[in-house]
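Coordinate analysis (summary)
In case you want the letters, here they are:
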Amino acid sequence: MARILIVEDNPVSMKLTVRVLEYDGHEVLQAEDAAAGLRLAREQQPDLVLMDIMLPGMDGIAALGELRVDAATAHLKVAALTAYAMKGDRERLLEAGFDGYFAKPIRHKEFLAGVAGLLAEAGRGRGQ
Ligand code: MN
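Below or above, wherever it landed, is the structure these notes cover. Here the structure is a predicted model, which means the values were calculated and not measured. (Residues numbered from 1 in each chain as written. Predicted model: local features only at pLDDT ≥ 70, side-chain atom pairs only at ≥ 80, totals over all residues. Heavy atoms only, no water.)

Glancing now at the side chain of Asp 52. When you line up the elements, Asp 52 lands in strand β3 (residues 48-52). Residue classification places Asp 52 among the buried positions, given a relative accessible area of 3%. A polar atom in the side chain of Asp 52 sits 3.1 Å from the side chain of Lys 104. (Helix = DSSP H or I, 4+ residues; strand = E, 2+ residues; numbered from the N terminus. Buried < 20%, exposed > 50% of the residue type's maximum accessible area, 1.4 Å probe, protein only. Polar contact = N/O pair within 3.5 Å; in protein donor to acceptor, adjacent residues only side chain to side chain.)

What follows deals with the coordination of the manganese ion. In the first shell of the manganese ion, the protein supplies Asp 9 (OD), Asp 52 (OD) and Met 54 (O), at 2.0 to 2.1 Å from the metal. Taken in chain order, the donor set of the manganese ion reads D-x42-D-x1-M. Within this pair, whereas Asp 9 is found in the loop between β1 (3-7) and α1 (11-23), its partner Met 54 is found in the loop between β3 and α3 (60-69), the two being separated by 45 residues in sequence. Here Met 54 falls in the exposed class, since its relative accessible area comes to 52%. (Donors = N, O, S within 2.8 Å, 3.2 Å for Na, K, Ca; no water.)

Moving on, we come to the packing of α1 against helix α5 (residues 108-121). Where α1 meets α5, the closest approach of the two axes is 11 Å, and the angle between their N-to-C directions is 65°. In terms of orientation, α1 and α5 fall into the roughly perpendicular class. Between α1 and α5 the crossing geometry is right-handed. Mapping the contact onto sequence places Leu 16, Thr 17, Val 20 and Leu 21 in α1 and His 108, Phe 111, Leu 112 and Val 115 in α5. The residue inventory of the contact of α1 with α5, partitioned by class, reads 6 nonpolar, 2 polar and no charged. (Axes fitted to C-alpha atoms, helices over the stretch in contact; angles between N-to-C directions. Parallel < 35°, antiparallel > 145°, perpendicular 65-115°, else oblique. Left-handed = near helix turned anticlockwise from the far one by under 90°. Contact = heavy atoms within 4.5 Å. Nonpolar A, V, L, I, M, F, W, Y, C, P; charged D, E, K, R; others polar.)

We now examine the sheet that holds β1. In space, the 5 strands of this open sheet follow the order β2-β1-β3-β4-β5, with parallel pairing throughout. The strands lining the two open edges of the sheet, one partner per strand, are β2 (27-31) and β5 (100-103). The average undirected angle you get between the axes of adjacent strands in this sheet is 20°. In the sheet, strand β4 (residues 78-82) pairs with β5 via 4 bridges, with the strands oriented parallel. The partner of Ala 79 across the bridge, within β5, is Gly 100. Set on the sheet, α3 makes contact with β3 and β4; between it and β3 the angle comes to about 150°. Packing of α5 onto the sheet brings it into contact with β1, β3, β4 and β5, and relative to β5 it is tilted by some 165°. (Pairing = 2+ DSSP bridges.)

See below:
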């Protein structure tokens, strides 16, 4: 089990993502905007942050920048969770510094496999 923070303003997408991760045994923290997400990331030190890109106010790319410049959160694994599905978006987001990328709507098996891979990189694979 890992602690995973989801920053997502779409309630339907949030609910689905929470359900999938909780079903897989993870503890899930939820933030509806970047400001709340940054605060929870600092306070709770999640093993993985799943960051929507289109957020009210500060967007996900700017929020990633804030996480990276703060010594308390610079080390966190952060994956983009986004409806962007245009050719080149994945590369653009990885270039921006995200550790991974998930397109919405998520496909459960592929999503959980990707999450497990990122957690393993973070030293939080199953049984740890
Ligand atoms: Mn959004």
